[in-house]
Every structure is written in C-alpha cells, then in structure tokens.
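Chain and residue survey
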Amino acid sequence: MVKLETKIGKLRLKNPVMAASGTFGPEYGELVDINKLGAYITKTITLNARIGNSPPRVCETPSGMLNSIGLENKGLDDFIKNKIPELKRLKAPLIASIAGDNANEFQELAKALSKVKRILALEINLSCPNVKHGKRDFLIAQDEEATYEIIESVRRSTALTIIAKLSPNVTDIKNIAKAAERAGADAVSLINTLVGMAVDIDTKRPVLGNITGGLSGPAIKPVALRMVREVYNSVRIQVIGIGGIMDHKDAIEFMLCGASAVQVGTANFVNPTTSIEIIDGIKNYMAKHKMKEVRELIGALKR
Amino acid sequence: MKQLKAKIIENRMIAQGFYKMRLRSECLAKKSKPGQFVEIKCSKGHEVLLRRPFSVHRILNGGIEVLYEVIGRGTKSLSARGKGDSLDIIGPIGRGFEFSGGKRRALIVAGGMGVAPLLCLAEKMAKKRIRPYVMIGAKTASHIICEKEFKKIGSFVIVSTEDGSKGNKGFVTGCLTALLSTINYKLSTIYACGPHPMLKAVANIADNHGIPCQVSLEERMACGVGACLGCPVKIRSGGYKMVCKDGPVFDAKEIAW
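Every value quoted in this text rests on a predicted model; they were computed, and no experiment measured them.

A short note on the overall build of chain A
- Scanning chain A from terminus to terminus reveals eight helices and 16 strands.
- Taking 2.2 N^0.38 as the reference for a compact globule, 303 residues should give roughly 19 Å; the C-alpha atoms of chain A span a radius of gyration of 18 Å, in line with that estimate.
- For chain A, the spread of C-alpha atoms along the three principal axes comes to 55 × 50 × 40 Å.

If you want it as structure tokens, here you go:
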C-alpha cells in the first residue's frame, strides 16, 4: 500500500501535489475535483486592492509563456468577506499567498489571515517579478537581508506554517533560502517565474503591456530542478518544487531532487486535470519502484 | 463548461489563409450560445502550449463549426489537423450575445474575422424569423468571408472593402453611418465583432444615436476560465474585467474605449 502523505512545516498533506498561486481557482470547480489536491494556494492577496498591469498580460513563448498580471486582486478585506465563503466549501487544505510593500503590510496580512480557520499555511510571495515593492528597485527575494526581515516579521505575527516563495532571478538562491530558514520559515517554495520579454517585429513593440513578464512552463524546468537540488542540499526545512511541471514524471524529478511536495502552475491552463493525473502517476511510480512512503522519494537522486 | 474530446468532421481552407472546422459534439451543440467560445488544444503535444480561444461560428445538429485565420503557431498547428482527429476542447465558455427576439431590429457589424461569432447569432435570429442587416467589412475582396451564408438565411448584407475591390469602398463603419441615415433605427440593437479600433468606432456611433450595442472582444488568453486574470479589458467604471469570464460579449457602454 502506497502512502502519499507528506509534511510541510506543521502541515500534513494527503498528497504532495498543489495548485500554484495565480494559476488555479474555484473557477476550475466545473472541470476538476479540487478536493483531490494536496493543497490549493490562493492568488496572492495584498493589503489594498491592486488594479494589475495593462494588457496584453500573457503571451506564449517557445515551450512556455510570459505573464505580467501584476498581482491584480481586490485586497485583504474583500478576500475575507467575499472569497473565503466560496473557498470554505473546498475540503482541500487552503494556503493563502500574500505580498506586501513592507514588513508592516506583511504582518497585517499574516495576522488577519491567521484568524481565518480554513487557512492552514501562508505562502509569502517575496518574488513576484511584475510589481515593485515600495521604494525598492529589487525583489525582496533578491536580497538576503530583505528576505530575513520580511520572514522574521511574519514569523512574529503567526503560528501558521510559513512558506517563503523564492525567485530564480538571483545570483545564488542558496543564500536567500538560508536567510528564510534563519528567519523562521517552515519551508521554501521555488521557483517563481524568470523575468523575460517578447518582441513583436511587425509593430516593433514589446508584446506585453508591462514590457517584461515572468516566464513559466516547460522551458524553465531545468533551471528549477537545479535550484531545488541546490536549496535542498543547503537547508533543513522542506522544499516545494515548482517550475514547468506538466506530468507525473516532471513531479518525480523534482521530488528526487529534494522536493517534499510540488506545485503545478502553467499546466493547469493546458489541461486543468493535470494535478489529479500527477497524483495517480506518482502513486503508480512508487508502487512500481516498491516505495511505501513519499519520504523514500524525496531527495533520492543518486550521483 | 466541460472538458471534452471532439472529432474533426471537416477542416478545410475556404479562402487563402481562412479555415472552417466542423466538430462533432452533442454537448457543444446543445450548450453553446451565440457569442460564446471554446478553448482548443491545437497541437497533440506541447509544441503549442496554451489552448487557443475560438468563437462558436455555427451551432449544428450534433456539433459546431469554428472559423479561423492562420496567424501564428496555434492556428497553423490547428490547420494541419485532419478529419477523424480528436481535439481536446473546453467549452462552451463565457457570456454570449443577449438576444431575446421580439420586435427589435438587429444591426450586425463585422470586421474581417469578426463574422465568426456573428453568423451564429444571425442563424439564431433566422430561427425566430428575424432578418438582420449585416455589414461586413474587410481589407480586400478575398477577405470577405461568409457573405453567402448570411444571404442564405435572409439577412440584408452590405459589403465594404478598404481597397474598394468589392462593395463600398472604405470602412464598415461608413456603411453603418449610411444605413442609420436611411432607416428608422429606434428599437434597434447593434451587434459587433472585429478589430478594436473598429469596435471603438461602432460603439461611438451607437452612443451618438442612442442605440444599444453589444461588442464581442478578443484578447490573448491563458486559462480561459477567469482564474489567471490574463485577458483584461479596461472598463469605464474603473479597473478591469476579464474577456474570458465576464465577456467576451460586453455592453459597449461598459468598456473604457
């Protein structure tokens, strides 16, 4: 009998497959049994409403896509008042993704969302490439000190499991992951998107309204695998693998590299039932390789 | 909205670069409404990653038709799919045209590929014995699509081309203004689909004449269901709405042109 349970901080998931922030929502309820997911991560919530970036916001690139949504959301109060009642009907564990301009905003978000019973963990989005945080001209996840400051302040505001979402747009991701660990994060999730752009040679303009956007999809998987392995080898907290996962084979690659769980993002757009198929695929793989627990798979990469 | 497999009955070029695809699906035939769209996985593998949105062009007995122009990798890949192939489709999606029949006169304005969802609407009108005015505009004669189909169901068709190679010379909006000066347009509704500048001009004409106007919009999409917030359109009351979920058909007054 194969057991798919996995642990992220204090959170026990019935299986290691989650839907990534910003790529999935209750809208998919008509097409997918959302309750089968290990966890469901909300679109990033900010303290105040954000209007988002000018269109076009998405475009396809070779084996991937660029997006520059710009964290469009209606803000914390609207989320608690209008979204929570809808999400309450889901049985899958709910993880709230949050982003702020400064430590105070992160703390306020963390405090408010910790009071919502259905939310079991917070994913701290330190790495959205499409927004500027306050006066900084870099992402929080591009700076060790800023990462430490934000995670530490969230740690003081909540008892929930904290997942720090890291950016691949850095010189050395290990140092950022270590800073998050020191500050009290229970886990790190990586990678967020790689900053990129696309050009229309007929109009001689950037395709995206925001000029640059975040690259996701199969194109980024090799980068993500490398970073997951590096981080797994340098921290003791759990690692969640993200980046171009399209099927169970991709998910298993991440787990072999050290991921305790994975997040499926872009693939949801291609085939909404991808996550569910991955859960079955991992189960079959484990049975075939005579593994009883997910633990045996995590970090089992040979060299 | 369902995710389903639909067999290709026919996928043929009807004019240089323009294709018409007939798909077998009882579900899509039953559930689709004029103005709604489907998201099609164009390639078998992931060479074309994201689904592509296509208007429901015609609702048939036991299936639907989509009309498309080969522009990029998605439509190129779709044009290579053959009879008997099975396509992975999500649909029908979105808010279609609001049309209740009754005594209202229907003025249909199509720019280029904008005919795609509008033939579906005209065919539904025909079933209620309504004969709309249909204005079709395009760059040149070979890009005028569906003229015959609209005529077949009794529509009054007015054609215009930018180069004057067929019908009136100029923009389709010129035909609309001319028509409005000759008919009693009180109790009319305009239904339009086409390039953004054309829709903006149509919305402006409608507004000046006090005629209700519904526009079908197009935007690059990823999810197609309202989850990714990738297909925004700026609205007059502030902020954005999503073309996939809140549209693709909008009241022209709602849009911040």
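From this point, things continue past the structure.
What to know about the packing of helix α2 (residues 103-114) of chain A against helix α3 (residues 144-155) of chain A
Residue and element names in this part refer to chain A.
- Packing of α2 against α3 brings their axes to within 9 Å, and their N-to-C directions diverge by 30 degrees. Classified by the angle their axes make, α2 and α3 are roughly parallel. For the pair α2 and α3, the sense of crossing is right-handed. Contacts between α2 and α3 involve A103, F106, Q107 and A110 from the former and E149, I150, S153 and V154 from the latter.
- Partitioning the contact of α2 with α3 into residue classes produces five nonpolar, two polar and one charged.

Thoughts on the environment of A:E293
- Tracing the backbone through its elements, the reader meets A:E293 in the segment after α8 (274-288).
- Sequence separation between A:E293 and A:I124 is 169 residues, and the spatial gap between their C-alpha atoms is 28 Å.

Overview of the domain arrangement of chain B
Residues and elements named next belong to chain B.
- Looking at chain B, the domain boundaries give domain 1 (2-93) and domain 2 (105-254).
- Here domain 1 and domain 2 have C-alpha centroids that lie 21 Å from each other.
- In this complex, domain 1 contributes 19 residues to the contact, which on the side of domain 2 involves 18 residues.
- Sorting the residues of the side of domain 1 that touches domain 2 by element identifies β3 (37-40), β4 (52-55), β5 (58-60), β6 (63-69) and β7 (86-93) as the ones contributing at least two each.
- When grouped by side-chain class, the residues that make up the side of domain 1 that touches domain 2 number 11 nonpolar, four polar and four charged.

Things to note about the interface of chain B and chain A
- Chain B puts 21 residues into the contact, and the matching count from chain A is 29 residues.
- The residue makeup of the side of chain B that touches chain A, split by class, is 13 nonpolar, five polar and three charged.

Considerations on the pairing of β3(B)
Residues and elements named next belong to chain B.
- Residues of β3 alternate between two faces, with F37 and E39 on one and V38 and I40 on the opposite face, all of them buried.
- By the bridge criterion, four bridges tie β3 to β4 in an arrangement that is antiparallel. Each bridged residue has a counterpart across the sheet, and for F37 the counterpart in β4 is S55.
- Note: β3 against β7, three bridges, orientation antiparallel.

A look at the sheet that holds strand β9 (residues 133-138) of chain B
Residues and elements named next belong to chain B.
- Overall, mixed pairing links the seven strands, which are arranged β11-β10-β9-β8-β12-β13-β16 in an open sheet. In this open sheet, the two strands that pair with only one neighbour each are β11 (168-169) and β16 (249-251).
- Across three bridges, the pairing between strand β13 (residues 213-216) and β16 is antiparallel. When the bridges of β16 are listed, S216 appears paired with V249.
- Along the sheet, helix α5 (residues 172-180) makes contact with β8 (105-111), β9, β10 (156-161) and β11, crossing β9 at roughly 150 degrees.
- Most of the contacts of helix α6 (residues 196-209) go to β13, to which it runs at about 170 degrees, and overall it touches β8, β12 (188-193) and β13.

With respect to the pairing of β9(B)
Residue and element names in this part refer to chain B.
- Across the six residues of β9, six count as buried, placing the element largely inside the fold.
- Across the two faces of β9 the burial is the same, with Y133, M135 and G137 and V134, I136 and A138 all buried.
- Pairing of β8 with β9, which is carried by five bridges, proceeds in the parallel orientation. For A110, the partnering residue across the bridge sits in β9 and is I136.
- Following the chain from β8 across helix α3 (residues 115-127) to the adjacent parallel β9, one finds a crossover that is right-handed.
- Of the strand pairs in this sheet, β9 and β10 are connected by six bridges, and their pairing is parallel. Paired with A138 across the bridge in β10 is T161.
- The parallel pair β9 and β10 is bridged by helix α4 (residues 147-152), and the resulting crossover is right-handed.

Conventions used here
Residues numbered from 1 in each chain as written. Chains lettered and ligands numbered in written order. Predicted model: local features only at pLDDT ≥ 70, side-chain atom pairs only at ≥ 80, totals over all residues. Helix = DSSP H or I, 4+ residues; strand = E, 2+ residues; numbered from the N terminus. Rg over C-alpha atoms; globule rule 2.2 N^0.38 Å. Axes fitted to C-alpha atoms, helices over the stretch in contact; angles between N-to-C directions. Parallel < 35°, antiparallel > 145°, perpendicular 65-115°, else oblique. Left-handed = near helix turned anticlockwise from the far one by under 90°. Contact = placed C-beta atoms within 7 Å. Nonpolar A, V, L, I, M, F, W, Y, C, P; charged D, E, K, R; others polar. Domains from an automatic or database assignment. Buried ≥ 20, exposed ≤ 12 C-beta atoms within 10 Å, placed from the backbone. Pairing = 2+ DSSP bridges. Right-handed = clockwise from strand over helix to strand, strands pointing away.

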